[in-house]
Amino acid sequence: LAKTTQPISMDSYEGQEVNITCSHNNIATNDYITWYQQFPSQGPRFIIQGYKTKVTNEVASLFIPADRKSSTLSLPRVSLSDTAVYYCLVGEWGGSGTYKYIFGTGTRLKVLA
Amino acid sequence: GAVVSQHPSWVICKSGTSVKIECRSLDFQATTMFWYRQFPKQSLMLMATSNEGSKATYEQGVEKDKFLINHASLTLSTLTVTSAHPEDSSFYICSAREVSGGLNQPQHFGDGTRLSIL
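First things first, this report covers the structure right here in the doc.

Cut-off values and rules
- Residues numbered from 1 in each chain as written.
- Chains lettered and ligands numbered in written order.
- Predicted model: local features only at pLDDT ≥ 70, side-chain atom pairs only at ≥ 80, totals over all residues.
- Heavy atoms only, no water.
- Helix = DSSP H or I, 4+ residues; strand = E, 2+ residues; numbered from the N terminus.
- Buried < 20%, exposed > 50% of the residue type's maximum accessible area, 1.4 Å probe, protein only.
- Contact = heavy atoms within 4.5 Å.
- Salt bridge = Lys/Arg side-chain N within 4 Å of Asp/Glu carboxyl O.
- Core = buried A, V, L, I, M, F, W, Y, C linked by side-chain atoms within 4.5 Å.
- Pairing = 2+ DSSP bridges.
- Axes fitted to C-alpha atoms, helices over the stretch in contact; angles between N-to-C directions.
- Disulfide = S-S within 2.5 Å.
- Polar contact = N/O pair within 3.5 Å; in protein donor to acceptor, adjacent residues only side chain to side chain.

### Details of unusual backbone geometry
Phase 1 of the analysis: Look at the link from His7 of chain B to Pro8 of chain B: it is a cis peptide, with omega at 0°.
Phase 2 of the analysis: For Pro8 of chain B, the position within the fold is in the loop between β1 (4-7) and β2 (10-13).
Phase 3 of the analysis: Positive phi outside glycine occurs at Arg68 of chain A, with the angle close to 60°.
Phase 4 of the analysis: Here Arg68 of chain A lies in the loop between β6 (61-64) and β7 (70-75).
Phase 5 of the analysis: Judged by its relative accessible area of 8%, Arg68 of chain A is buried.

### Remarks on the environment of His108 of chain B
Residues and elements named next belong to chain B.
Phase 1 of the analysis: Positionally, His108 belongs in strand β10 (residues 108-109).
Phase 2 of the analysis: Residues His108 and Leu26 lie 82 residues apart in sequence; the distance between their C-alpha atoms is 11 Å.
Phase 3 of the analysis: Not counting residues up to four positions away in its chain, the partners in contact with His108 are Ala2, Val4, Phe28, Cys94, Ser95, Ala96 and Glu98.

### Description of the pattern of salt bridges
Phase 1 of the analysis: Going through the model one piece at a time under the given rule, you end up with five salt bridges over all chains.
Phase 2 of the analysis: Where Asp111 of chain B meets Arg45 of chain A, a salt bridge forms, and the shortest distance between an N and an O atom there is 2.5 Å. Here the residue Asp111 of chain B occupies a position in the loop between β10 and β11 (113-117), and Arg45 of chain A occupies one in strand β4 (residues 45-50), the pair thus bridging two chains.
Phase 3 of the analysis: For Lys100 of chain A, the salt bridge identified is with Glu59 of chain B, shortest N-O distance 2.6 Å. Residue Lys100 of chain A is found in strand β9 (residues 99-101), and its partner Glu59 of chain B is found in the loop between β6 (57-58) and β7 (67-73); the two belong to separate chains. For the pair shown, Lys100 of chain A and Glu59 of chain B are each scored as buried.

### Section: the nonpolar core
Phase 1 of the analysis: If you look at the biggest cluster of nonpolar residues, it comprises 24 residues, and the most contacted ones within it are Trp35, Phe67, Leu79, Tyr92 and Leu115 of chain B.
Phase 2 of the analysis: Every element with two or more residues in this core is listed here: β2, β3 (19-25), β4 (30-38), β5 (44-51), β7, β8 (76-81), β9 (90-98) and β11 of chain B.
Phase 3 of the analysis: Of all hydrophobic cores here, the second largest spans 20 residues; its members include Cys22, Leu62, Leu75 and Val111 of chain A.

### Describing the environment of Thr29 of chain A
Residues and elements named next belong to chain A.
Phase 1 of the analysis: Take Thr29: it is sitting in the loop between β2 (18-23) and β3 (33-38).
Phase 2 of the analysis: A relative accessible area of 60% means that Thr29 is categorised as exposed.
Phase 3 of the analysis: In this structure the C-alpha to C-alpha distance between Thr29 and Tyr51, which are 22 residues apart in sequence, comes to 9.5 Å.

### Considerations on the sheet that holds β7 of chain B
Residue and element names in this part refer to chain B.
Phase 1 of the analysis: Strand order in the open sheet made by the four strands is β1-β3-β8-β7, with antiparallel pairing throughout. The sheet terminates laterally at β1 and β7, the two strands that pair on one side only. Taking each pair of neighbouring strands and ignoring which way they run, the sheet shows an average axis angle of 15°.
Phase 2 of the analysis: Two elements, β3 and β8, share six bridges in a ladder whose sense is antiparallel. Bridging from a neighbouring strand, Arg24 pairs with Leu76 of β8.

### Looking at the state of the cysteines
Residues and elements named next belong to chain A.
Phase 1 of the analysis: This model, assessed by the stated rule, comprises two disulfides over all chains.
Phase 2 of the analysis: One disulfide bridge connects Cys22 with Cys88, the sulfur atoms lying 2.2 Å from each other. Every disulfide takes its handedness from the sign of the S-S torsion; for Cys22 and Cys88 that torsion is -75°, giving left-handed. Taken together, the residues span a long stretch of sequence, with Cys22 in strand β2 and Cys88 in strand β8 (residues 84-93) at a distance of 66 residues.
Phase 3 of the analysis: Cys88 gets classed as buried once you look at its relative accessible area, which sits at 0%.

### Things to note about the side chain of Ser77 of chain B
All names here are of chain B.
Phase 1 of the analysis: Tracing the sequence through the fold places Ser77 in strand β8.
Phase 2 of the analysis: Of the polar contacts made by the side chain of Ser77, one reaches the side chain of Trp35; its length is 3.0 Å.
Phase 3 of the analysis: With residues near it in sequence (within four places) discarded, Ser77 still touches Ile21, Glu22, Cys23, Met33, Trp35, Ser50, Ile69, Asn70 and His71.

Here is the structure:
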């Protein structure tokens, strides 16, 4: 089972800021939080990764509270091309001793004109 | 940087055929590669974890004799769907994690292979 929970879908309008929250109540001390974007018929694309507080790059910001049980991906001024599925991932250890990602349902973001 | 290439991007074949999908890390070395399967409008499902030079670890419910994985080098992993049937039709995606940097290195994904079995 995935270690994360996200809203299934969200709608927004062009130019607005979009915040997608993810719950990961059982996050372990060493886990990082990683967000991916996926367009239809393509592989997921890395957006941002963080461990605590706030991380910002050229496309998004990631806010992580002190308890790290949730995180929020913030997309500033979305455009129609940001319509995609967004996944929040926290890794877990597999039986072979490998750290792996189990995908949750993701959040289907639809940006409207 | 951190580009993962999958080939082929789309394959159509007859039932009973075996199909091989290649996953290459083009500009980095990957000790570990992962294979996922995705049905329309669903999330990615992890099939197996592939470590270079050792046997793959399969997730529960994934038949290892059906989905053969080989990870012979730090830049190449292959998935062979043996004796494919229509129910194997799906979108297969691989990912790779860089050798250096530890567990916080994100996985980089290929663009997937759409497999259609007639």
